[in-house]
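Structural characterization, general
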Amino acid sequence: MAENQKCAFRTSIGGQALIEGILMRGPEKQAIVVRDQEGNLVEKVEELRFIKDRYPILGVPLIRGTVNFLDSMVNGVKALMYSADFYPEEEAAQPSKFEQWMEKHFSSKKLESAVVALAVALGVGMSVFLFMILPTLLTGGILHFFPGFPMWGRNLFEGILKIFIFLLYLIFCSKQKDIYRVFQYHGAEHKTIFCYEAGLPLTVENVRAQPRHHPRCGTSFLFVVIVVSILCSSVVFGIWPVTNAWLRTLAHLLLLPLVVGVTYEFNRWVGRHVQENRLAQILTAPGLWMQNFTTNEPDDKMIECAIRSLELVRPSEKGKDAW
């Protein structure tokens with residue numbers, strides 16, 4: 001686990017690893033920087049428009065967590081698709097009849113929107129199934145043979161299964177050869193943000209020396225989502241002691257927006273207080289440890305990519321990106 005990093009300030013700038021590139025998102029702009037097959041850095045910068053500016057209620061605590069989570073997923077998928085275009089498959093497969101039909105009946109913009117929507121739906125659906133529905137169904141199936149099993153024991157067993165499946169998923173992903181370089185870029189993103197927060201010049205040497213585990217990482221966020229879901233469901237099923245696996249699954253789905261909202265607010269609090277608050281440090285420790293599976297040490301070219309992407313989103317007004 002990384003040592004606690006002393007920072008001059010904490011920034012709201014965050015990022016995401018891409019295929020041979022990095023997405024950085026600041027308070028005003030979003031930048032994608034990809035290293036193409038010739039070794040050149042390709043930049044794409046966009047001004048940000050926030051939905052909460054049009055609908056202020058979506059920026060209210062607890063509500064804003066779900067809104068920001070979905071927004072980050074949509075932007076993340078678009079950025080991944082953009083970076084993937086620089087590394088097409090060597091042997092392009094013949095488009096299927098469905099793909100040909102889609103291209104014929106939809107404009108490229110509508111087609112891209114449909115693909116992004118489908119990818120986000122599949123991503124959210126897979127996460128919900130793996131980390132919420134599957135543990136509930138497995139618990140119901142196993143404890144069907146133990147009808148007298150206490151409710152607190154059922155909740156505990158289901159919670160342990162959730163964490164176990166999540167850990168297995170991270171280990172499986174970390175072992176995939178194609179994912180290894182993406183996780184190196186993930187490490188470069190964290191190191192660059194740490195360097196920026198420490199007030200050091202953004203050079204390869206300074207960035208390389210930083211830790212690769214960051215308390216505001218998406219890995220930590222997902223882990224906290226699972227922990228908060230365990231706590232929420234324990235309270236709900238303590239009041240409403242239902243054992244039917246399908247009813248419990250429905251309850252988990254209904255609780256999900258609340259769980260994401262609470263997790264988002266927790267991460268905001270941790271981001272502000274992790275340096276000086278011992279409780280915050282203890283609570284973030286498991287998520288930081290799990291980043292051992294989702295971040296790898298980057299090479300210098302990856303660090304250069306991360307530095308450039310952060311430079312492109314730094315606000316014109318100093319301190320505007322303060323967390």
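Here's what I pulled together on the structure shown here. Worth saying up front: this structure is predicted, and the values here are computed from it rather than measured.

This next bit is on the overall build of the protein chain. Within the protein chain, the regular secondary structure consists of eleven helices and four strands. In terms of overall dimensions, the protein chain is globule-like: its C-alpha atoms have a radius of gyration of 21 Å, near the 20 Å expected for 323 residues. Here the C-alpha coordinates of the protein chain stretch approximately 65 × 60 × 45 Å along the principal axes. A burial count over the protein chain gives 43% of its 323 residues as buried. Once local pairs closer than 6 in sequence are excluded, the contacts in the protein chain between residues at least 24 apart make up 72%. Surface summary for the protein chain: the accessible area is close to 17,800 Å², and the carbon and sulfur share equals 63%. In the protein chain, the 33 positive side-chain charges and the 31 negative ones have mean positions that sit 7 Å from each other.

This structure, assessed with the given rule, holds 14 salt bridges. Residues Glu46 and Lys44 are paired through a salt bridge, measuring 3.7 Å at the closest nitrogen-oxygen approach. A salt bridge links Glu158 to Lys162, with the nearest nitrogen and oxygen atoms 4.0 Å apart. On the criterion of helical spacing, the pair formed by Glu158 and Lys162 is a turn pair, its members being four residues apart in helix H5 (residues 151–174). One exposure class covers both Glu158 and Lys162, and it is buried. Within this structure, Glu43, Arg308 and Glu311 form a network of salt bridges that share partners.

The phi angle at Glu20 is positive, at roughly 55°, despite the residue not being glycine. With respect to the secondary-structure elements, Glu20 resides in the loop between strand S1 (14–18) and strand S2 (21–25). The class of Glu20 is buried, set by a relative accessible area of 14%. Positive phi, close to 80°, is recorded for Leu62, a residue that is not glycine.

Let us now look at a nonpolar patch on the surface. A contiguous nonpolar surface patch, about 640 Å² in accessible area, is contributed by Val235, Ile239, Trp240, Leu247, Leu250 and Leu254. By secondary structure assignment, the location of Leu250 is in helix H9 (residues 245–273).

Looking at the element boundaries, Leu170 is found in helix H5. Given the relative accessible area of 7%, Leu170 is considered buried. For the pair Leu170 and Phe293, spaced 123 residues apart in sequence, the C-alpha to C-alpha distance is 6.1 Å. In contact with Leu170, other than residues within four places in its own chain, are Thr219, Met290, Phe293 and Thr294.

Among the five residues of S2, four are classified as buried, and the element is accordingly described as predominantly covered. Pairing geometry for S1 and S2, over five bridges, is antiparallel. Paired with Leu18 across the two strands is Gly21, which belongs to S2. Following S1, the chain reverses through two residues before pairing antiparallel with S2; Glu20 in that reversal takes a positive phi of roughly 55°. Relative to strand S3 (residues 29–35), S2 runs antiparallel, the two being bridged by five bridges. Each bridged residue has a counterpart across the sheet, and for Met24 the counterpart in S3 is Ala31. Hairpin geometry of S2 and S3 is characterised by an intervening segment of three residues between the two adjacent antiparallel strands.

Definitions and limits used
- Residues numbered from 1 in each chain as written.
- Predicted model: local features only at pLDDT ≥ 70, side-chain atom pairs only at ≥ 80, totals over all residues.
- Heavy atoms only, no water.
- Helix = DSSP H or I, 4+ residues; strand = E, 2+ residues; numbered from the N terminus.
- Rg over C-alpha atoms; globule rule 2.2 N^0.38 Å.
- Buried < 20%, exposed > 50% of the residue type's maximum accessible area, 1.4 Å probe, protein only.
- Contact = heavy atoms within 4.5 Å.
- Areas by Shrake-Rupley, 256 points an atom, 1.4 Å probe, with all protein chains shown as cover.
- Lys, Arg positive; Asp, Glu negative; His and termini not counted.
- Charge placed at Lys NZ, Arg CZ, Asp CG, Glu CD.
- Salt bridge = Lys/Arg side-chain N within 4 Å of Asp/Glu carboxyl O.
- Patch = residues over 30% accessible without salt bridge, like charges linked within 9 Å, V, L, I, M, F, W, Y side chains within 5 Å.
- Pairing = 2+ DSSP bridges.

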